[in-house]
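Here is how the chains run, residue by residue.
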Amino acid sequence: MNEGTNDKLSGKAKEMGGKVEQGAGDLLGDKELKGRGVADEAEGKGEGLLGKAKDALGNAGKTVKGAADSVGDKVKDATHNHDTDPHTHK
């Protein structure tokens, strides 16, 4: 599993745990527990967003690498064809 996926899963677990804490805090009238739940939910959402950003950056990096490899291949082909074309030598 990649880092982005790990962050998204961990974030979702924290977010859900925070919601449970909030519900328990409401049920028990425990404002501190509810507050921790709000904080955990927010932390989980942030971690999930971080995971999405890592995935997006990873995908962008793969796209750039693919484009660079393609350009490199075209340059090699053009250079190779130029070297073997008898009409280009004087």
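Here we summarise the structure given alongside this text. (Residues numbered from 1 in each chain as written. Predicted model: local features only at pLDDT ≥ 70, side-chain atom pairs only at ≥ 80, totals over all residues. Heavy atoms only, no water.)

## Quick word on the overall build of the protein
Scanning the protein from N- to C-terminus turns up two helices and zero strands. Across the 90 residues that make up the protein, the buried fraction comes to 18%. A separation of at least 24 residues holds for 60% of the contacts in the protein among residues at least 6 apart in sequence. Of the roughly 6,700 Å² of accessible surface on the protein, 61% is carried by carbon and sulfur atoms. (Helix = DSSP H or I, 4+ residues; strand = E, 2+ residues; numbered from the N terminus. Buried < 20%, exposed > 50% of the residue type's maximum accessible area, 1.4 Å probe, protein only. Contact = heavy atoms within 4.5 Å. Areas by Shrake-Rupley, 256 points an atom, 1.4 Å probe, with all protein chains shown as cover.)

## Considerations on the pattern of salt bridges
Under the counting rule described, the total for this entry stands at nine salt bridges. Between Glu3 and Lys54 there is a salt bridge whose closest N-O contact spans 2.9 Å. One end of the pair, Glu3, is in helix H1 (residues 3-28); the other, Lys54, is in helix H2 (residues 31-84), and 51 residues separate them in sequence. Note on Glu3: relative accessible area 56%, which makes it exposed. Note that Lys34 and Asp26 form a salt bridge whose closest N and O atoms lie 2.9 Å from each other. (Salt bridge = Lys/Arg side-chain N within 4 Å of Asp/Glu carboxyl O.)

## Quick notes on H1
When the terminal C-alpha atoms of H1 are compared, their 37 Å separation across 26 residues agrees well with the 38 Å that a helix rising 1.5 Å per residue should span. Residues of H1 that are buried: Gly4, Asp7, Gly11, Glu15, Gly18, Glu21, Gln22 and Gly25. Where H1 begins, the side chain of Asn2 points an oxygen toward the backbone nitrogen of Gly4, at a separation of 3.1 Å. At the C-terminal side of H1, Gly29 shows a positive phi close to 70 degrees. (Expected span 1.5 Å × (residues − 1). Polar contact = N/O pair within 3.5 Å; in protein donor to acceptor, adjacent residues only side chain to side chain.)

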